[in-house]
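# Structure at a glance
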Amino acid sequence: LASGAKRTYCFMYYSPTSKKKAKIKIGCHGNITVDAAREKALELSLLVFKGIDPRDQKKEQKAQEEKEEKEGMLFKDFMEIYMKHYESKDVEETTIRDYRSALKCHIIPILGDKLLHQITNKDIKDFEYQLVEFKGIRRRCGQAILFMRMGFAFARDEGYLPEASRNPCEGIEIFQGNKRTRKL
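What this report covers is the structure whose coordinates are included nearby. Sequence order as written defines the numbering, with residues in each chain counted from 1. This being a predicted model, a pLDDT of at least 70 is required before a residue's local features are given, and a value of 80 or more before pairs of side-chain atoms are given or counted; all residues contribute to the totals for chains, interfaces and linings. Side-chain metrics in this entry use all non-hydrogen atoms of the structure; hydrogen atoms and water are not considered.

Moving on: helix H4 (residues 93-111). The term bend refers to the angle at a residue between two fitted axes, each drawn through seven residues, those ending there and those starting there. Each helix is a run of DSSP H or I of at least 4 residues and each strand a run of E of at least 2, with the numbering of both proceeding from the N terminus. Its maximal kink placed at leucine 103, H4 deviates by approximately 45°. Taken together, the buried positions of H4 are Ile96, Tyr99, Ala102, Leu103, His106, Ile107 and Leu111. To sort residues, take the accessible area from a 1.4 Å probe on protein chains only and compare it with the maximum for the residue type: under 20% means buried, over 50% means exposed, and anything in between is partly exposed.

Below, the structure written as C-alpha cells:
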C-alpha cells in the first residue's frame, strides 16, 4: 500500500436483478474489525442468495427513513427549513425580517410544538383568534397566515405532506390592515 492509503472491506457479488458485477463497501480497516466485516459479508451474501440486491434494499431503507423523518417533523422545524428556502429567493430584506419576527413572536409559540401533518384548519382559526381577539394584531395575523399558507404549499410540493392533503390555511380570511393613502 502507498503511504496514506487505507484498506477497505468490500463485498463483491453478481446482482440478482441486473446480473452484473456489483460492489458494496463494508467499512475501513480500523473502523471495523475483520470479524465484523466477515459477518456483514455473510449477511449480504444471504440476501443475494435469496435474490435480493443489497444496494436496492439499502435505497429502499433510506427512502423509508426519510419518509418517517418527514412525517414526524415538528411544525417549528419545518418552518425553519421553509424560511431558509424562502430567504434563498429574491425577496426584500424587510419582508424576510417581518416573517422572521412573525415566526419568532407569534407562529412558533402557538403552533410550533405540533406535528406538521396534524395541523388543521381549526388550529389556524384558533391561531387567528388568539392574535386578533387577544392581542389585537390584525395586520400581523394576516401576514402570518399568508406566510403559513405558502409554507404548507411548499410542504406538499416537497413531500413533507401527502399530495392529497388540504392546506389548513385555505378558507381563512387574511386581514389586510389599514390601507394608507399616500400623497405625492
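The two faces of a sheet get side chains in turn, since along a regular strand they alternate between them. Here strand E1 (residues 8-14) shows a buried face lined by Tyr9, Phe11 and Tyr13 and an unburied face lined by Thr8, Cys10, Met12 and Tyr14. Bridge analysis of E1 against strand E2 (residues 21-28) gives seven bridges, and the strand direction is antiparallel. Following the sheet pairing, phenylalanine 11 is matched in E2 by isoleucine 24. In this scheme, strands are said to pair when DSSP sees at least two bridges between them. Connecting E1 to the antiparallel partner E2 that follows it, the hairpin turn spans six residues, and lysine 19 within it adopts a positive phi of roughly 60°.

Once that is clear, we can look at the pattern of salt bridges. Between Lys or Arg on one side and Asp or Glu on the other, a salt bridge is scored when a side-chain nitrogen of the former is within 4 Å of a carboxyl oxygen of the latter. Under the definition given, this model contains six salt bridges. For aspartate 35, the salt bridge identified is with arginine 38, shortest N-O distance 3.8 Å. With aspartate 35 and arginine 38 both in helix H1 (residues 34-49), this residue pair falls three residues apart, about one helical turn. Among the ionic pairs, arginine 100 bridges to glutamate 80, the shortest N-O distance being 3.3 Å.

A few words now on the side chain of asparagine 167. By secondary structure assignment, the location of asparagine 167 is in the segment after helix H6 (138-158). Sequence-distant contacts of asparagine 167, that is, excluding residues within four places in its chain, are made with Arg149, Phe152, Ala153 and Arg156. Any pair of residues with heavy atoms lying within 4.5 Å of one another is described as a contacting pair.

So, on to the nonpolar core. Among the nonpolar cores identified, the biggest contains 31 residues, and Phe75, Phe78, Ile107, Ile124, Phe147, Met148 and Phe152 are the most heavily contacted of them. Put simply, the parts of the chain that give this core at least two residues each are helix H3 (75-88), H4, helix H5 (121-135) and H6. Considering every element that reaches this core, the biggest residue donor is H6, with eight residues. Sequence-distant contacts of phenylalanine 78, defined by excluding residues within four places in its chain, comprise Met73, Leu116, Gly151, Phe154, Ala155 and Tyr160. Take the buried residues of types Ala, Val, Leu, Ile, Met, Phe, Trp, Tyr and Cys, join any two whose side-chain atoms come within 4.5 Å, and each joined set is a nonpolar core. If you look at the next biggest cluster of nonpolar residues, it comprises twelve residues, including Ala22, Ile24, Ile32 and Leu47.

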